[in-house]
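One-letter residues, chain by chain:
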Amino acid sequence: MTVFTSLLSVHIGVGLFAVAVGLLPIFTRKGSRLHRLSGRVFAGSMIVLLICAWAMTALQPDPYFLGLSATASLTLFSGLRVLGRKRPDLNPGDRARPLDWIVTLAAAGIGLLTTWMAIKGYGDTPPQILIALAYGALSMSGWDLWRFSRPLDWPFSPRLWTFEHLWKMLGAYGAVLSAFSGNFLTFLPPPWSALWPTVLFQSLSVIWIAVLLVRSRARPAAA
């Protein structure tokens, strides 16, 4: 068994586990003990999965692996880091650190590289999938770079971290589900076998955040 095959075996096994356990943080009450515990388990499994993914990308460079690894890494990293940057208005220590800038700029660079590879036709992956991955990396990195440079400007609010965490962790789950679907749900026509999780979870993020915003505005009115 080669190193690549060994990494792939671990990657697939942990990925299947992440697909299953990742449902718990989504459907459990936010802030509950089960939500926090299952979230940590999901994050740990994603870290192992991504270590394998980056190692396989280094051994056998591929635009799909590169774009997916960058997007999933940024969504997970940023979704967890935002929990430590809840109130930059009250605590200067809650603002972006050098590590945040480095990871985000690297993801943006890979997003641009993936876009170029899609345009040039590198690899066997349909360009629609590569563009979707590049969009994920570039949109999130662009958002984070704005937040890092102007932490108190629009659309800052004391609860913004809640919406960011929700959006980014759903993005991380969508990334692992896209890989699962693209490789195992082969009865779905390409490229939608790999794209539908991205469309679904991006839509859910928008709807969920809109509901939270409406509820947060309704509470002061009721009070």
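Remember, it's a predicted structure, so these values are computed and weren't measured experimentally. (Residues numbered from 1 in each chain as written. Predicted model: local features only at pLDDT ≥ 70, side-chain atom pairs only at ≥ 80, totals over all residues. Heavy atoms only, no water.)

K.L.:
What exactly am I supposed to notice about the packing of helix α4 (residues 63-81) against helix α6 (residues 127-149) here?
P.N.:
For any two helices packed against each other, the geometry is given by the interaxial angle and the distance between the axes. Put simply, α4 and α6 touch, their axes get as near as 9 Å, and they point 30° apart. Relative to α6, the element α4 lies roughly parallel. Considering the relative orientation of α4 and α6, their crossing is left-handed. For the pair formed by α4 and α6, the contact residues are P63, Y64, G67, L68, T71, L74, T75 and S78 on the first element and I129, L130, L133, G136, A137, M140, S141 and D144 on the second. Of the residues belonging to the contact of α4 with α6, the class tally is nine nonpolar, six polar and one charged. (Axes fitted to C-alpha atoms, helices over the stretch in contact; angles between N-to-C directions. Helix = DSSP H or I, 4+ residues; strand = E, 2+ residues; numbered from the N terminus. Parallel < 35°, antiparallel > 145°, perpendicular 65-115°, else oblique. Left-handed = near helix turned anticlockwise from the far one by under 90°. Contact = heavy atoms within 4.5 Å. Nonpolar A, V, L, I, M, F, W, Y, C, P; charged D, E, K, R; others polar.)

K.L.:
Explanation requested: the packing of α4 against helix α7 (residues 160-184) in the structure shown.
P.N.:
As a packed pair, α4 and α7 sit with axes 8 Å apart at the nearest point and diverge in direction by 150°. The pairing of α4 with α7 is recorded here as roughly antiparallel in orientation. The chirality of how α4 crosses α7 is left-handed. Of the residues in α7, those in contact with Y64, L68, A72, T75, L76, S78, G79 and L80 of α4 are H165, K168, M169, G171, A172, A175, S178 and A179. Along the lines of polarity and charge, the residues of the contact of α4 with α7 split into nine nonpolar, six polar and one charged.

K.L.:
Is there a simple way to explain helix α1 (residues 3-21) in this structure?
P.N.:
Along an α-helix, residues three or four apart share an orientation, since each turn contains 3.6 residues. In this model, α1 (19 residues) spans 27 Å end to end at C-alpha, consistent with the 27 Å of a helix rising 1.5 Å per residue. Taken together, the buried positions of α1 are occupied by F4, L7, H11, V14, G15, A18, V19 and V21. With its buried residues spanning 160° around the axis, α1 presents them on a single face. Contact partners of the buried residues in α1: α2 (23-27), α3 (33-59), α4 and α7. (Expected span 1.5 Å × (residues − 1). Buried < 20%, exposed > 50% of the residue type's maximum accessible area, 1.4 Å probe, protein only. Arc of directions from axis to C-beta.)

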